[in-house]
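Observations on the model geometry
Residues per chain, in single letters:
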Amino acid sequence: MKNTSIYLVAAMLFLSCTTEKKATFRIGQKSVTFKDASKNRPLTTEIWYPTLDTLTKKEQKTNQKKLFETIETIPDATIANEKFPLLLISHGTGGNRFSLTWFIERMVKEGYVVVSLDHYGNSTFNKIPREFVKWWERAIDMKYVLTQVLNDNEIGSKIDTSKIGGVGFSLGGYTNIALAGGYVDRSVRENENPKDRELPAEFPETKEIIDFEKDSLIVASYNRYKNHVKDERIKAFFVMAPAIGFGFHYKEQTNEIKAPIYIVAGKGDAVAPVKTNAEKYHSLIETSKIHLFDKNVGHYVFLNVPTAFGKEVAPNLTIDHPTINRKDIHEKTLELASSFFKGSL
């Protein structure tokens with residue numbers, strides 16, 4: 001009887017150990033500005049990472065009105081002592097490094113380090129006309145920031161360099177396709193819709209007259225970098241509502257893409273219509289998979305969940321079709337992204 005009791009206790013201890021849940025990660029956050037001296041480009045970057053630290057003091061609420069809901073993080077927390085996969089995030093035209101915190105929050109809690117940056121000249125508070133059309137240079141920024149993060153003594157030492165992924169929304173979706181090895185062809189005009197070449201709503205006001213087709217700085221940049229921005233360190237790409245499909249016409253432009261790419265978009269996207277963007281990319285990229293949400297899902301559904309104030313002052317970015325719940329779309333997108341990266345990194 002005594003031996004039986006000992007066996008029972010041992011079995012219970014074994015079950016307790018094997019069913020113990022992994023510690024829940026909280027979100028550490030650091031802000032840093034890297035400067036690419038070779039191009040004189042400051043790159044403001046946010047690094048979000050798993051931590052076991054506890055938030056000891058909550059920030060006092062301010063009267064500052066925000067367009068979107070924010071997430072709870074622990075500034076300058078200690079990164080957990082493990083090796084983590086890394087995700088690099090590229091925001092959309094005129095967006096910023098906080099545009100996809102709904103995505104960042106979940107992925108950090110699942111055990112990813114996530115790095116997001118403000119693209120030079122094409123972010124909310126730094127708009128330079130030429131940078132809005134030198135799309136390929138965004139990929140150079142991503143490559144530079146990746147190198148700096150990996151070289152960082154604290155964060156870099158905790159990255160599993162065999163598991164690096166890319167994430168992008170809208171123009172950031174194209175940025176990731178460029179990092180994967182795709183490139184635009186600015187010369188083709190066959191069957192082109194003139195609306196595809198219209199400047200985006202986020203384009204800054206300027207008195208400068210720029211011939212975007214012939215401008216010497218734009219042309220020189222394109223000739224130098226157009227198909228030289230691939231980054232072999234990034235092993236898989238998840239892109240939401242990718243734009244710039246009008247610059248892709250034939251499979252030669254995507255032949256260098258070997259990494260898996262998962263494309264997510266809404267059939268109701270009027271900014272980057274799926275026929276000429278998401279579906280076109282899918283048809284040209286051999287390694288791609290695609291998921292399309294229904295006809296009521298638009299472009300900006302992939303931005304953060306808005307506040308009441310955001311809906312009031314920026315309805316085009318914050319108000320979705322009445323039948324669409326933005327949080328539900330986010331949840332499904334996160335399921336797809338989590339499954340994709342677990343299987344490809």
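Everything below is about the structure printed above this text.
Predicted model only: the values in this text are computed from it and were never measured.

Cut-off values and rules
Residues numbered from 1 in each chain as written. Predicted model: local features only at pLDDT ≥ 70, side-chain atom pairs only at ≥ 80, totals over all residues. Heavy atoms only, no water. Axes fitted to C-alpha atoms, helices over the stretch in contact; angles between N-to-C directions. Helix = DSSP H or I, 4+ residues; strand = E, 2+ residues; numbered from the N terminus. Parallel < 35°, antiparallel > 145°, perpendicular 65-115°, else oblique. Left-handed = near helix turned anticlockwise from the far one by under 90°. Contact = heavy atoms within 4.5 Å. Nonpolar A, V, L, I, M, F, W, Y, C, P; charged D, E, K, R; others polar. Phe/Tyr/Trp six-rings, centres within 6.5 Å; stacked < 30°, edge-to-face > 60°. Lys NZ or Arg CZ within 6 Å of the ring centre and 35° of its normal. Pairing = 2+ DSSP bridges. Polar contact = N/O pair within 3.5 Å; in protein donor to acceptor, adjacent residues only side chain to side chain. Core = buried A, V, L, I, M, F, W, Y, C linked by side-chain atoms within 4.5 Å. Buried < 20%, exposed > 50% of the residue type's maximum accessible area, 1.4 Å probe, protein only.

Let us now look at the packing of helix α2 (residues 101-109) against helix α9 (residues 326-344). Close contact between α2 and α9 brings their axes to 11 Å; oriented N to C, the two are set at 45 degrees. The orientation of α2 relative to α9 falls into the category oblique. The element α2 and its partner α9 pack so that their crossing is right-handed. The segment α2 lies against α9, with W102, F103, R106 and M107 engaging H330, E331, T333, L334, A337, S338 and F341. In terms of residue class, the contact of α2 with α9 is made up of 6 nonpolar, 3 polar and 2 charged.

Remark: the centre distance and the inter-plane angle together describe each pair of aromatic rings, the angle taken between the planes. Applying the stated criterion across every chain, the model contains 17 aromatic pairs. Measuring from centroid to centroid gives 6.3 Å for F293 and F302, while their planes differ by 50 degrees, and the two rings are tilted. The ring of Y222 carries R186 above its face, with NZ or CZ at 5.6 Å from the centroid.

With respect to topology, 9 strands assemble into an open sheet ordered β3-β1-β2-β5-β4-β8-β9-β10-β11, the strand pairing being mixed. Lying at the two open borders of the sheet, with one neighbouring strand each, are β3 (74-75) and β11 (288-293). Where strand β8 (residues 159-169) and strand β9 (residues 236-240) come together, 5 bridges link them in parallel fashion. The partner of G168 across the bridge, within β9, is V239. In this fold α2 packs onto β1 (26-36), β2 (41-51), β4 (84-90), β5 (113-117), β8 and β9, with an angle of close to 45 degrees to the strand it touches most, β2.

When you line up the elements, S90 lands in strand β4. Among the polar contacts listed, one links the side chain of S90 to the side chain of H119, at a separation of 2.7 Å. With residues near it in sequence (within four places) discarded, S90 still touches H119, R138, M142, V167, G168, F169, G172, T175 and N176.

Quick look at the nonpolar core now. Counting 59 residues, the largest nonpolar core has V113, W135, Y174, I244 and I261 as the members making the most contacts within it. Among the elements that take part in this core, helix α3 (residues 136-151) stands out by supplying 8 residues, more than any other. If we skip the residues at most four places from it in the chain, I244 touches W135, L171, Y174, V184, N277 and Y281. Counting 36 residues, the second largest nonpolar core, distinct from the first, contains F68, F238, Y300 and V301.

To characterise two packed helices, one gives the angle between the axes of the helices and the distance between these axes. Put simply, α3 and helix α4 (residues 171-180) touch, their axes get as near as 9 Å, and they point 70 degrees apart. Taken together, the axes of α3 and α4 are roughly perpendicular relative to one another. Listed contacts from α4 to W136, R138, A139, M142 and K143 of α3 are L171, G172, Y174, T175, A178 and L179. Here the residues of the contact of α3 with α4 sort into 7 nonpolar, 2 polar and 2 charged.

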